[in-house]
Amino acid sequence: METVLIIEDDSTMLRGLSDNFEFAGYKVITAADGEAGLNAALNHKPDLIILDIMLPEINGYEICRLVRKEGLEMPIIMLTAKGEESDIVLGLNLGADDYVTKPFSIKELLARAGAFLRRRRQGGRDFYEFGDCRLDIPS
């Protein structure tokens, strides 16, 4: 079972995200502030992080930067109300894999998460299967 870490300070949003990801079959870890979120990311090493930017203690940009500095390569989807081009570019340049602005579609967010996790399971490789044979092609 893949683990998703959701770092969000709005308790209603956190609960809704957590419930939806659990219903979709993921193990969910949550954090309501930046410090707890960073500790969870570094200690649990989840398969995917859903990350708000405007957080108490440590903001999402800094969490993303520190996670990448530690060499962790799990996908990070920033989920935030900050939708200016400069905010998006900063998030992606700091190491986020995707940037979703609020309001958002939960179905779309789950689909994006699923796509990142599928690629992660494949190890960044394309492959073809023919019966019992498998051909891996490096990306």
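Above this text sits the structure in question.
What comes next concerns the included structure. Since we're looking at a predicted model, the values are computed, not measured.

Under the defined criterion, the tally for this structure stands at 1 aromatic pair. Centroid distance F21 to Y26: 5.7 Å. Interplanar angle 50°. Geometry classified as tilted. Judged by relative accessible area, which is 0%, F21 ranks as buried. Classification of Y26 as buried rests on a relative accessible area of 14%.

Turning to the pairing of strand β1 (residues 3-7), a few remarks are in order. Most of β1 is tucked away: 5 of the 5 residues are buried. Alternating positions in β1 separate into two faces, T3, L5 and I7 on one and V4 and I6 on the other, with burial throughout. In this sheet, strand β2 (residues 27-31) lies alongside β1 in parallel orientation, the contact comprising 5 bridges. Among the inter-strand pairings, L5 is bridged to a residue of β2, identified as I29. The parallel pair β1 and β2 is bridged by helix α1 (residues 11-23), and the resulting crossover is right-handed. With 4 bridges joining them, β1 and strand β3 (residues 48-51) adopt parallel strand pairing. Within β3, the position partnered with I7 by the bridge is L51.

So, about the packing of α1 against helix α5 (residues 106-121). Two elements in contact, α1 and α5, have axes whose closest approach is 11 Å; the angle formed by their N-to-C orientations is 55°. Here α5 runs oblique to α1, going by the angle between their axes. For the pair α1 and α5, the crossing hand works out as right-handed. Where α1 abuts α5, its residues L17, N20 and F21 lie against I106, L109, L110 and A113. Split into classes, the residues belonging to the contact of α1 with α5 amount to 6 nonpolar, 1 polar and no charged.

So, how was this worked out
Residues numbered from 1 in each chain as written. Predicted model: local features only at pLDDT ≥ 70, side-chain atom pairs only at ≥ 80, totals over all residues. Heavy atoms only, no water. Phe/Tyr/Trp six-rings, centres within 6.5 Å; stacked < 30°, edge-to-face > 60°. Buried < 20%, exposed > 50% of the residue type's maximum accessible area, 1.4 Å probe, protein only. Helix = DSSP H or I, 4+ residues; strand = E, 2+ residues; numbered from the N terminus. Pairing = 2+ DSSP bridges. Right-handed = clockwise from strand over helix to strand, strands pointing away. Axes fitted to C-alpha atoms, helices over the stretch in contact; angles between N-to-C directions. Parallel < 35°, antiparallel > 145°, perpendicular 65-115°, else oblique. Left-handed = near helix turned anticlockwise from the far one by under 90°. Contact = heavy atoms within 4.5 Å. Nonpolar A, V, L, I, M, F, W, Y, C, P; charged D, E, K, R; others polar.

Everything listed is a geometric property; what it means functionally is a separate question.
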